[in-house]
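One-letter residues, chain by chain:
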Amino acid sequence: MNETLQSTPPVDNPITFSGSPLDRVSDKRKNADWLADQMSSSKSLFLPLHELKVPVELGRQPRLNWRPRTEFGMLIRAGAPCLLLGVQDGMAHFAVDVSAAPPARYEGTKLMDVRSAAMLLPAAEAAIIAQARSMLDWHARHRFCAVCGQRTEMHDAGYSRLCTDEACKAQHFPRTDPVTIMLVEREGRLLLGRQPRFIPGTYSALAGFMEPGENIEECVRREIFEESGIRVGAVRYVASQPWPFPSSLMIGCIGEALSEEITIDGEELEDARWFTRAEIIQMVERAGGNETPRMPPALSLAHQLARAWLRGA
Ligand SMILES: [Zn+2]
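Residues numbered from 1 in each chain as written. Predicted model: local features only at pLDDT ≥ 70, side-chain atom pairs only at ≥ 80, totals over all residues.

**Some thoughts on the overall build of the protein**
Move 1: A tally of regular secondary structure across the protein gives eight helices and 15 strands.
Move 2: In terms of principal-axis extent, the alpha carbons of the protein reach across some 60 × 50 × 35 Å.
Move 3: A buried classification covers 35% of the 313 residues belonging to the protein.
Move 4: Taking the intrachain contacts of the protein between residues at least 6 apart in sequence as the baseline, contacts between residues at least 24 apart amount to 65%. (Helix = DSSP H or I, 4+ residues; strand = E, 2+ residues; numbered from the N terminus. Buried ≥ 20, exposed ≤ 12 C-beta atoms within 10 Å, placed from the backbone. Contact = placed C-beta atoms within 7 Å.)

Set out below in structure tokens:
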């Protein structure tokens, strides 16, 4: 291994937003009595999200500000969505949507969006807020049945919603939308592009939502061809990442290019280029800094894929 590469850290483990320490207890959470006991237990912990923002206790090691049930009893009785995240050390952990009330002020605590909070929190808590944000957002958007238009109600501790119309009773489940994100390689170089919304000088892996009736490899090839005009042959899977904005699963791949000439579509990308291995090493090291060109921060799967590629993935 050469010296420059040694300064490139290995892939983060866990990748941001994965690696939750909570047991999702999918067997127990359907039991209404067990759930009611946990909801009323003084040991249980509640994470209040206000407009999808989370309370972070600032300090040397910032952490989530978990609260007791007593603070939210009235809100929950009035219909504020409250769902089970999981159990750790015998304590049930819940997320509650407190957006109906003005945001509470806790000393030394700041309400933060999930992406900013994830940069400060321990990896385990970043994974928990990804789950909480995705699920509460799904409940907020699915109050009515997609089949008949009637009201739906939360069931199974938050893992489904049931239509209240007796004739319909359709069951709805929280969704996860797969997105492929991929590095494309050719003769030791990588294809990266930039969207107009990126911070100037930032280049990243190309990405796109999977479409129905498409497998991962087909999606990678279609997206790369649409955005860059490059044909891709073999595709290999490297790693994945939950991306709770609102509910994606990023599927990280490396594809082998069959062609070289780049033709950008001009809509999604404003530029795409081949970067040498030496440039990629430099761009990974510059992530989060001011020098350009650079990769996005370590929080992103694109960054982790580049590191994995440098390590031989
Ligand atoms: Zn219905």
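That was the structure; now back to the text.
**Let's talk about the sheet that holds strand 4 (residues 82-88)**
Consider a sheet: its strands pair through backbone hydrogen bonds, and that pairing is either parallel or antiparallel.
Move 1: Reading across the sheet, the three strands line up as 1-5-4 and stay open at both edges, with mixed pairing between neighbours. A strand with exactly one partner marks an edge of an open sheet, and here the two such strands are strand 1 (45-49) and strand 4. On average, adjacent strands in this sheet sit at an angle of 20 degrees to one another, irrespective of strand direction.
Move 2: Looking at chain direction, strand 1 and strand 5 (residues 91-97) are connected through five bridges and run parallel. Among the inter-strand pairings, Leu49 is bridged to a residue of strand 5, identified as Asp97.
Move 3: Against the sheet, helix 5 (residues 123-141) touches strand 1, strand 4 and strand 5, its axis set at about 45 degrees to strand 5. (Pairing = 2+ DSSP bridges. Axes fitted to C-alpha atoms, helices over the stretch in contact; angles between N-to-C directions.)

**Regarding the nonpolar core**
Move 1: Membership of the largest hydrophobic core comes to 69 residues, with the highest contact counts inside it found for Phe94, Ala95 and Met182.
Move 2: Element by element, the count of residues in this core is highest for helix 5, at nine residues.
Move 3: For this core, the domains that each give at least three residues are domain 1 (7-137) and domain 3 (176-310).
Move 4: Filtering out sequence-adjacent residues up to four positions away, Ala95 remains in contact with Leu47, Leu49, Leu83, Leu85, Ala132, Met135 and Leu136. (Core = buried A, V, L, I, M, F, W, Y, C linked by C-beta atoms within 7 Å. Domains from an automatic or database assignment.)

**A short note on the sheet that holds strand 3 (residues 63-64)**
Move 1: Overall, antiparallel pairing links the three strands, which are arranged 3-2-6 in an open sheet. Both outer strands of the open sheet, strand 3 and strand 6 (109-112), are each paired with one neighbouring strand and no more.
Move 2: Pairing geometry for strand 2 (residues 54-57) and strand 6, over four bridges, is antiparallel. Counted as the bridge partner of Glu57 is Thr109 from strand 6.

**Let's talk about the domain arrangement of the protein**
Move 1: According to the domain assignment, the protein consists of domain 1 (7-137), domain 2 (142-174) and domain 3 (176-310).
Move 2: Using only C-alpha atoms to locate each centre, domain 1 and domain 2 end up separated by 24 Å.
Move 3: Contacts between the two partners involve seven residues from domain 1 and, on the opposite side, six residues from domain 2.
Move 4: A class-by-class count of the residues in the side of domain 1 that touches domain 2 yields five nonpolar, no polar and two charged. (Nonpolar A, V, L, I, M, F, W, Y, C, P; charged D, E, K, R; others polar.)

**Quick word on unusual backbone geometry**
Move 1: Put simply, Asn13 and Pro14 share a cis peptide bond, and its omega is 0 degrees.
Move 2: Its location among the elements puts Pro14 in the loop between helix 1 (3-6) and helix 2 (32-40).
Move 3: Of note, the bond from Phe245 into Pro246 is cis; its omega dihedral lies within 30 degrees of zero at 0 degrees.
Move 4: Along the polypeptide, Pro246 turns up in the loop between strand 13 (232-243) and strand 14 (248-257).

**Notes on the pairing of strand 8 (residues 160-163)**
Move 1: Every second residue of strand 8 is oriented toward a common face, the buried set being Arg161 and Cys163 and the non-buried set Ser160 and Leu162.
Move 2: Bridge count between strand 7 (residues 152-155) and strand 8: four bridges; the pairing is antiparallel. Bridge pairing links His155 to Ser160 in strand 8.
Move 3: The turn joining strand 7 and strand 8, which pair antiparallel and follow one another in sequence, is formed by four residues; a positive phi near 50 degrees is taken by Asp156.

**Things to note about the packing of helix 7 (residues 277-285) against helix 8 (residues 301-310)**
Move 1: Running from N to C, helix 7 and helix 8 point in directions that differ by 135 degrees, and their axes come no closer than 10 Å. Accordingly, the angle class assigned to the pair helix 7 and helix 8 is oblique. For the element pair helix 7 and helix 8, the recorded crossing hand is left-handed. Contacts between helix 7 and helix 8 involve Ile280, Ile281 and Val284 on the former and, on the latter, His303, Ala306, Arg307 and Leu310.
Move 2: Its residues assigned to classes, the contact of helix 7 with helix 8 shows five nonpolar, one polar and one charged. (Parallel < 35°, antiparallel > 145°, perpendicular 65-115°, else oblique. Left-handed = near helix turned anticlockwise from the far one by under 90°.)

**Details of helix 6 (residues 216-228)**
Move 1: Taking 1.5 Å per residue as the helical rise, helix 6 with its 13 residues ought to reach 18 Å, and the 18 Å between its terminal C-alpha atoms agrees with that figure.
Move 2: The set of residues buried in helix 6 consists of Cys219, Val220, Arg221, Glu223, Ile224, Glu227 and Ser228.
Move 3: Considering only its buried residues, helix 6 is in contact with strand 10 (177-186), strand 11 (189-194), strand 12 (206-209), strand 13, strand 14 and strand 15 (271-276). (Expected span 1.5 Å × (residues − 1).)

**Regarding the environment of Asp137**
Move 1: As for its position among the elements, Asp137 is in helix 5.
Move 2: For Asp137 and Glu51, which are 86 residues apart along the polypeptide, the C-alpha to C-alpha distance reads 8.9 Å.
Move 3: Setting aside its immediate chain neighbours within four residues, Asp137 contacts Leu52, Pro246 and Ser247.

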